[in-house]
Amino acid sequence: MNVQQLSSLVIPFIFLIIFYFLLIRPQQKREKSIKEMRNSLKVGDNIVTIGGMVGKIVKIFEDEVTIEIGSDKTKITLEKWGIARVKH
């Protein structure tokens, strides 16, 4: 194998490594932290949904959460994946 063939194999490999560390790995870290946040939810937490609604958790099921929104305490049930963040 000569140097030209070796470099033609190494360059794509280097691009794959750069692609992994700049795009794939950070995305995996974000997904992991969001999953941990959703698994640590508890009754009484104030949350913001992906759609922008703000509410207080009143019930937690396996994959669903019931929240109260508004001054009239309207209750809405949504999937856990619909929660964007916990509001502090």
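Presented here is a report on the structure given in the accompanying data block. Source: prediction; values computed, not measured. (Residues numbered from 1 in each chain as written. Predicted model: local features only at pLDDT ≥ 70, side-chain atom pairs only at ≥ 80, totals over all residues. Heavy atoms only, no water.)

**Thoughts on the overall build of the chain**
Moving on, step 1. Each helix and strand in the chain was counted, giving 1 helix and 5 strands.
Moving on, step 2. Order of helices (α) and strands (β) in the chain, N terminus to C terminus: α-β-β-β-β-β.
Moving on, step 3. Its C-alpha atoms give the chain a radius of gyration of 22 Å, more than 25% over the compact-globule value 12 Å for 88 residues.
Moving on, step 4. Per-residue burial over the chain gives 20% buried out of 88 residues.
Moving on, step 5. When the accessible surface of the chain is summed, it comes to about 6900 Å², and 61% of that surface belongs to carbon and sulfur atoms.
Moving on, step 6. Both charge centroids of the chain, one from 14 positive and one from 9 negative side chains, sit 8 Å from each other. (Helix = DSSP H or I, 4+ residues; strand = E, 2+ residues; numbered from the N terminus. Rg over C-alpha atoms; globule rule 2.2 N^0.38 Å. Buried < 20%, exposed > 50% of the residue type's maximum accessible area, 1.4 Å probe, protein only. Areas by Shrake-Rupley, 256 points an atom, 1.4 Å probe, with all protein chains shown as cover. Lys, Arg positive; Asp, Glu negative; His and termini not counted. Charge placed at Lys NZ, Arg CZ, Asp CG, Glu CD.)

**Focus on the nonpolar core**
Moving on, step 1. Counting 9 residues, the largest nonpolar core consists of Met37, Leu41, Ile47, Ile57, Val65, Ile67, Ile69, Leu78 and Ile83.
Moving on, step 2. In terms of residue count, strand E3 (residues 64-69) provides more of this core than any other element does, 3 residues in total. (Core = buried A, V, L, I, M, F, W, Y, C linked by side-chain atoms within 4.5 Å.)

**Observations concerning the pattern of salt bridges**
Moving on, step 1. For the structure shown, the criterion picks out 1 salt bridge.
Moving on, step 2. Note that lysine 42 is salt-bridged to aspartate 45, the shortest N-O span being 3.4 Å.
Moving on, step 3. By relative accessible area, lysine 42 is classed as exposed at 52%.
Moving on, step 4. Given the relative accessible area of 12%, aspartate 45 is considered buried. (Salt bridge = Lys/Arg side-chain N within 4 Å of Asp/Glu carboxyl O.)

**Re the sheet that holds strand E2 (residues 54-60)**
Moving on, step 1. Strand order in the open sheet made by the 5 strands is E4-E3-E2-E1-E5, with antiparallel pairing throughout. On the outer flanks of this sheet lie strand E4 (74-79) and strand E5 (83-86), each paired with one strand and no other. Taking the axes of each pair of neighbouring strands and ignoring which way they run, one obtains an average angle of 45° across the sheet.
Moving on, step 2. Where strand E1 (residues 46-49) and E2 come together, 3 bridges link them in antiparallel fashion. The residue of E2 that forms the bridge with asparagine 46 is lysine 56. (Pairing = 2+ DSSP bridges. Axes fitted to C-alpha atoms, helices over the stretch in contact; angles between N-to-C directions.)

**Structural notes on a negative patch on the surface**
Moving on, step 1. A grouping of Glu62, Asp63, Glu64 and Glu79 is seen on the molecular surface, where their side chains present a negatively charged patch.
Moving on, step 2. Structurally, aspartate 63 can be placed in the loop between E2 and E3. (Patch = residues over 30% accessible without salt bridge, like charges linked within 9 Å, V, L, I, M, F, W, Y side chains within 5 Å.)

**What about the pairing of E3?**
Moving on, step 1. For E3, a buried count of 5 out of 6 residues is recorded, marking the element as mostly surrounded by other parts of the structure.
Moving on, step 2. Sheet topology places E2 next to E3; 4 bridges connect them, and they run antiparallel. Following the sheet pairing, isoleucine 57 is matched in E3 by isoleucine 67.
Moving on, step 3. Taken together, E2 and the strand that follows it, E3, pair antiparallel across an intervening segment of 3 residues.
Moving on, step 4. Bridge count for E3 against E4 is 6 bridges, and the pairing is antiparallel. For isoleucine 69, the partnering residue across the bridge sits in E4 and is threonine 74.

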